[in-house]
Amino acid sequence: MGEAREVMDRLTDAVTTHADLKTIGELYAEDAVAFTPDGGELRGRDDIVEYWRTMTEAVPEATFRALHSYEVGDTAIDEGIFSGRNTGPLELPNGETLPPTQKEIAIRGVDLATVRDGRIVDYRLYFDEMDFLGQLGLLPPDEPF
């Protein structure tokens, strides 16, 4: 296992099984950049940790089941299912906060982490945001055609 895989596995653990914002912060370079479907482009460790804070509070007992894990040079890539119950408030990018829905979610996604000197410098997360909001019950019901 290379450095990128080790760092990615530690990040996954710190976001899910053993939620720990301090560890998350230690895993990102100070000037790291992240791209997420719901938070857009995040610049700097503090903004990235804040993003993960909202997720760990919204789904505090989340799990991640890896479907595929790869490491190519300095980049680790995971495809898997992030799941749990929304028992905490969910902060939206526009500043609004939604109360917990108590709904179970299971979101399939892919994340990539490029690591240099033991820290993530570039992170990309991909998941279907509409699926996420639908599972939380936050979308209007489908209308028949």
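Residues numbered from 1 in each chain as written. Predicted model: local features only at pLDDT ≥ 70, side-chain atom pairs only at ≥ 80, totals over all residues. Heavy atoms only, no water.

As named in an unreviewed UniProt entry, the protein is SnoaL-like domain-containing protein, taken from Streptomyces djakartensis.

(A) Main features of unusual backbone geometry. For Q102, which is not a glycine, the phi torsion comes out positive at approximately 65°. Looking at where Q102 falls in the secondary structure, it is placed in the loop between strand 6 (97-98) and strand 7 (104-116). For Q102, a relative accessible area of 41% gives the class partly exposed. Even without a glycine there, the phi angle at D117 is positive, about 55°. In this fold, D117 is placed in the loop between strand 7 and strand 8 (119-127). (Helix = DSSP H or I, 4+ residues; strand = E, 2+ residues; numbered from the N terminus. Buried < 20%, exposed > 50% of the residue type's maximum accessible area, 1.4 Å probe, protein only.)

(B) Representation of the pattern of salt bridges in the model. All told, the structure shown has ten salt bridges when counted by the stated rule. In this structure, E50 and R53 form a salt bridge, with 2.5 Å as the shortest nitrogen-oxygen distance. Taken together, the residues span about one helical turn, with E50 and R53 both in helix 3 (residues 45-58) at a distance of three residues. A residue is classified by how much of its surface remains accessible, and E50, at 36% relative accessible area, is partly exposed. For E79, the salt bridge identified is with R108, shortest N-O distance 2.9 Å. Of this pair, E79 sits in strand 4 (residues 75-85) while R108 is found in strand 7, placing the two residues 29 residues apart along the sequence. R108 gets classed as partly exposed once you look at its relative accessible area, which sits at 48%. (Salt bridge = Lys/Arg side-chain N within 4 Å of Asp/Glu carboxyl O.)

(C) Spatial organisation of the environment of V49. Checked against the element boundaries, V49 lands in helix 3. Of the residues examined, V49 reaches a relative accessible area of 17% and is grouped as buried. For the pair formed by V49 and T23, sequence separation is 26 residues and the distance between their alpha carbons is 9.6 Å. For V49, the residues in contact, after removing those within four places along its chain, are L21, I24 and G25. (Contact = heavy atoms within 4.5 Å.)

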